[in-house]
Amino acid sequence: MADRTLDGVRLADVAAQAGVSEATVSRVLNGKQGVAAGTRQAVLTAMDQLGYERPARRRSAGLIGLIIPELDNPIFPAFAQVIDRTLTMRGYTSVLCTQSPGGATEDEFVEALTDRGVSGIVFVSGLHADTTARHDRYTRLIEAGVPVVFVNGYAPGVRAPFFSDDDAAAVELALTHLRELGHERIGLAVGPQRFVPAQRKAERFRLLMEPVLGDEAGELVVHSLFSVEGGHSAARHLLERECTAVVCGSDLMALGAIRAARRQGLSVPGDFSVVGYDDSPLIAFTDPPLTTVQQQVSTMTTAAVRTLLDEISGVDVPTGEYLFQPDLIVRGSTGARGAPAS
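A. Spatial organisation of the overall build of the protein. Across its full length, the protein carries 12 helices and 14 strands. With respect to the three principal axes, the spread of C-alpha positions in the protein is 70 × 55 × 35 Å. When the accessible surface of the protein is summed, it comes to about 15800 Å², and 48% of that surface belongs to carbon and sulfur atoms. Here the protein holds 31 positive side-chain charges and 41 negative ones, and the gap between their average locations is 5 Å.

Right, here's the structure in full:
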């Protein structure tokens, strides 16, 4: 018997790859209703993996703007991927706007998106996370009737939904882990002080470490850049102050901290333990595999997108901040305290 095909697509192959029936594959290819969004996405993903051309898409329900920082930090492509996938499953099309030094500003992106008549905008780690920025730009946008949601960061006074990982809880998880390993002289390396996530991490660090280190706890907080170079610079300062461990504000900073320790002839984690933040893609395959605090990217962004789509459909959604609890992922960059680093 000949293999069942539909417009050149072998149903059996796609069904096996997606773990569904051939009838389900046929319904997806024909654009029929009655297929769960997750199942439909699994079939489309299987077609991509097998090299088949997707069926012609139905007309988009609308455009959604997505404004994120530069893509050099792998956590931001991870955010974009989850948001785009969630929007696609709901019939919307995302318009990705990435910021880079010397490129378009957030305000310029917003103007371009509103000119195109987008149905809503998702902001990830934007000016809403910068305490020195003017936030009335968002109030004007909301008053103009544009549905918006914000991810990672908080702007008091802006009546909109905000979704963030709990930065204070992230620091507490990392410190508890390092204290259990015997570390007492622990430093914190985070981004510039004007950013909400950095402020919250520093505040919880000082609160938890002052009973151990006294006033010196504040001196072991280093504000630097959210980059490998920033982590390297911060770690050098903390090693000079005889820290045996560091909690970093991003995985890239943690990689810089590891590099700084090694350049001083120290081993990680034998002499110096390092904890990152984000659990970026591929970070488990670094040398050593990085212990890190995992952001709840999928859960957080899915909730943000669903809230935005509720706004678009006319639902009166609650405003304010929603905090998601991170997880500590223990790998090979942390170990029991050895001799003091010097």
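B. Summary view of the pairing of strand β8 (residues 186–190). Judged by how many residues are buried, β8 sits mostly within the fold: 5 of 5 residues are covered. Judged by which residues are buried, β8 turns out to be covered on both faces: I186, L188 and V190 on one side and G187 and A189 on the other are all buried. Bridge count between β8 and strand β10 (residues 245–248): 4 bridges; the pairing is parallel. By the bridge assignment, I186 is partnered in β10 with A245. As judged from the 3 bridges shared by β8 and strand β9 (residues 221–223), these two strands associate in the parallel manner. Along β9, the bridge assignment pairs A189 with V222.

C. Seen up close, the pattern of salt bridges. Scanning the model with the defined rule gives 12 salt bridges in all. With a shortest N-O distance of 3.0 Å, D130 and R194 are connected by a salt bridge. Pair noted here: D130 is in the loop between β5 (120–124) and α6 (136–143) and R194 is in the loop between β8 and α8 (196–213), with a separation of 64 residues, a long-range link. You can call R194 partly exposed: its relative accessible area is 37%. With its nearest N and O atoms 2.7 Å apart, the salt bridge here joins R200 to E321. Taken together, the residues R200 in helix α8 and E321 in strand β13 (residues 320–324) connect sequence positions 121 residues apart. Given the relative accessible area of 27%, E321 is considered partly exposed. When salt bridges with common partners are traced through the structure, they connect R185, E216, E219 and R241 into a single cluster.

D. Quick look at helix α5 (residues 106–115). When α5 is considered as a whole, its buried residues turn out to be E106, F109, V110 and L113. For α5, the arc enclosing every buried residue in end-on projection is 100°, short of the 170-degree limit, so these residues lie on one face. Exposed side chains of α5 directed beyond 90 degrees from the buried face belong to E111 and D115. Looking at the buried positions of α5, the neighbouring elements they touch are β3 (63–68), β4 (93–98), β5 and α6.

E. Unusual backbone geometry, seen in detail. Cis rather than trans, the peptide bond between V268 and P269 has omega equal to 15°. Position of P269 relative to the elements: it lies in the loop between α11 (251–263) and β11 (273–278). One non-glycine residue with positive phi stands out, namely N152, at about 60°. When you line up the elements, N152 lands in the loop between β6 (148–151) and β7 (161–165). Here the phi dihedral of E242 falls at roughly 65°; this positive angle occurs in a residue that is not glycine.

F. Looking closely at the state of the cysteines. Applying the stated criterion across every chain, the model contains 0 disulfides. You can see C243 has no disulfide; the closest cysteine sulfur is in C248, sitting 11 Å from it. Take C243: its relative accessible area is 0%, and that puts it in the buried class.

G. Structural detail: the packing of helix α7 (residues 167–180) against α8. Two elements in contact, α7 and α8, have axes separated by 8 Å at closest approach and are oriented at 40°. In this structure, α7 meets α8 at a crossing whose hand is right-handed. Listed contacts from α8 to D167, A168, V171, E172, L175 and R179 of α7 are P197, R200, K201, R204, F205, L208, M209 and V212. For the contact of α7 with α8, the per-class residue count stands at 8 nonpolar, no polar and 6 charged.

H. Representation of the pairing of β4. Examined bridge by bridge, β3 and β4 share 6 bridges and lie parallel to one another. Residue pairing for β4: I67 is matched across the bridge by C97. Traced from β3 through helix α4 (residues 75–89) to β4, the parallel crossover comes out right-handed.

I. Local environment of the nonpolar core. The biggest cluster of nonpolar side chains holds 42 residues, and the ones touching the most others in it are I186, F205, V246, C248 and V274. Among the secondary structure elements, those contributing two or more residues to this core are α7, β8, α8, β9, α10 (228–240), β10, α11 and β11. The greatest single-element share of this core, amounting to 6 residues, is contributed by α11. In contact with C248, not counting residues within four places along its chain, are A189, M253, A254, A257, V274, V275, G276 and Y277.

The rules behind each value
- Residues numbered from 1 in each chain as written.
- Predicted model: local features only at pLDDT ≥ 70, side-chain atom pairs only at ≥ 80, totals over all residues.
- Heavy atoms only, no water.
- Helix = DSSP H or I, 4+ residues; strand = E, 2+ residues; numbered from the N terminus.
- Areas by Shrake-Rupley, 256 points an atom, 1.4 Å probe, with all protein chains shown as cover.
- Lys, Arg positive; Asp, Glu negative; His and termini not counted.
- Charge placed at Lys NZ, Arg CZ, Asp CG, Glu CD.
- Buried < 20%, exposed > 50% of the residue type's maximum accessible area, 1.4 Å probe, protein only.
- Pairing = 2+ DSSP bridges.
- Salt bridge = Lys/Arg side-chain N within 4 Å of Asp/Glu carboxyl O.
- Arc of directions from axis to C-beta.
- Contact = heavy atoms within 4.5 Å.
- Disulfide = S-S within 2.5 Å.
- Axes fitted to C-alpha atoms, helices over the stretch in contact; angles between N-to-C directions.
- Left-handed = near helix turned anticlockwise from the far one by under 90°.
- Nonpolar A, V, L, I, M, F, W, Y, C, P; charged D, E, K, R; others polar.
- Right-handed = clockwise from strand over helix to strand, strands pointing away.
- Core = buried A, V, L, I, M, F, W, Y, C linked by side-chain atoms within 4.5 Å.

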